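If you want the building blocks of each chain, they are given just below.
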Amino acid sequence: MADEGRHKKLLGYLNWPDEWVSPRENGLHFPKSGAYETNKVLDDLNEDQPYIHATIHDIKYINSEWHLFDINANLIIKAENIIYCGGMAGCNLPFINDIPLVPNRGQIDLLPVEHCEGFAATTVTYGGYITPASQVGSHTYRACGASFTRQIKDNWQEPSHFDTNKNIARLETHFHLDEMTIPRDKTITWTGLRATTIDHLPIVGPMLDRQQWLHAFSPFGKDTRLKPLAAGEYLRGLYIMTGFGSKGMQNAPICAEYLASLIASHPLPVGKGEVKALHPGRFLIKDISRNKVS
Ligand SMILES: Cc1cc2nc3c(=O)[nH]c(=O)nc-3n(C[C@H](O)[C@H](O)[C@H](O)COP(=O)(O)OP(=O)(O)OC[C@H]3O[C@@H](n4cnc5c(N)ncnc54)[C@H](O)[C@@H]3O)c2cc1C
């Protein structure tokens, strides 16, 4: 019932013709919808971009440029501007380790297409989701997802049979299939860690000078109506774009455009409200105001 209300509201808001969206029993039908094949998207994006395969261990600002080093202190690249977009995996890097990201493990199960008879060939969402068929290696699969787990164990990358069962059971329930119709042992699993934030918004913008901010905004620890001692300063040429949670595909393109425009001093494609909502300093200001840092 709650969903019905939401769907009605959304239909009214979109006001799209039926060939784009129409109500269905317990849901909405988007006849033209599809699903990204992320490997192909990445291949296309990387086609004419220089791509260096290396793990960055340290970041240093030397002679007005950021220098990125691997674990053996080899210089991998240097640049006037860099954007951190390493998700959860780069959280131990200098400057990044103070950013409050919360990991959330997710697992999807790829079902061989021959086990997907009996339900629509399009993308269907129902709390979980099933995508249309796509080729993975020599076989055709449909992706069934996804799980959400906040308790992260050291072995988080290993497939979880519990999650596989949950993903598939939810699918069977939605399509009124008998329990265990779809074999659990024929799936290929994929797991990842979502980088999430406590306010569910990404973190996008210039990287702040944390020590300077702690001093400049210290009056907020007494009263947030007091004036800061100085304006907040930023680390020249260092930017961050992370915390996309489960919506990287939707939100990363506009955020990337925002940062590119900011760096190039072009008009921004987002308004002041969005800049503030995404700002990397918002958590630190809250922590200072609540006396959680000194
Ligand atoms: C199971 C699951 C299902 C999902 N489904 C959807 C979905 O349907 N739609 C959607 O929009 N989003 C989905 N997401 C979320 C989506 O995957 C993320 O929002 C997105 O990947 C975030 O992109 P990112 O580039 O910020 O981080 P990531 O994709 O995590 O990429 C970070 C990259 O940085 C690299 N890196 C990190 N540290 C270093 C270092 N020190 N040196 C060099 N490289 C480094 C990593 O190796 C990685 O390649 C899903 C996530 C999961 C786990």
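Note: the structure precedes this text.
Residues numbered from 1 in each chain as written. Predicted model: local features only at pLDDT ≥ 70, side-chain atom pairs only at ≥ 80, totals over all residues.

Novice: If you had to explain the site of the ligand to someone new, which residues and values would you point to?
Specialist: Contacts to the ligand come from 23 residues, most closely from Gly 86, Gly 87, Gly 106, Gly 248 and Met 249. Its residues assigned to classes, the shell around the ligand shows 9 nonpolar, 12 polar and 2 charged. (Near = placed C-beta within 6 Å. Nonpolar A, V, L, I, M, F, W, Y, C, P; charged D, E, K, R; others polar.)

Novice: Outline unusual backbone geometry, listing residues and values.
Specialist: With phi around 65°, Ala 73 is a residue other than glycine that occupies positive phi space. Relative to the assigned elements, Ala 73 resides in the loop between strand E4 (65–69) and strand E5 (75–79). Residue class for Ala 73 comes out exposed when judged on the 8 C-beta atoms lying within 10 Å of it. Notably, His 176 is not glycine yet its phi reads approximately 55°, a positive angle. Along the polypeptide, His 176 turns up in the loop between helix H3 (161–174) and strand E12 (188–196). By the C-beta count within 10 Å, which is 8 here, His 176 ends up exposed. (Helix = DSSP H or I, 4+ residues; strand = E, 2+ residues; numbered from the N terminus. Buried ≥ 20, exposed ≤ 12 C-beta atoms within 10 Å, placed from the backbone.)

Novice: Quick rundown of the sheet that holds strand E3 (residues 58–62)? Include the residues and the values.
Specialist: Spatially, E3-E4-E5 is the arrangement adopted by the 3 strands of the open sheet, whose pairing is antiparallel. Each edge of the open sheet is held by one strand with a lone partner, namely E3 and E5. Direction aside, the axes of adjacent strands within the sheet are offset by 20° on average. Summarising the sheet, E3 and E4 pair through 5 bridges and their orientation is antiparallel. Within E4, the position partnered with Asp 58 by the bridge is Phe 69. (Pairing = 2+ DSSP bridges. Axes fitted to C-alpha atoms, helices over the stretch in contact; angles between N-to-C directions.)

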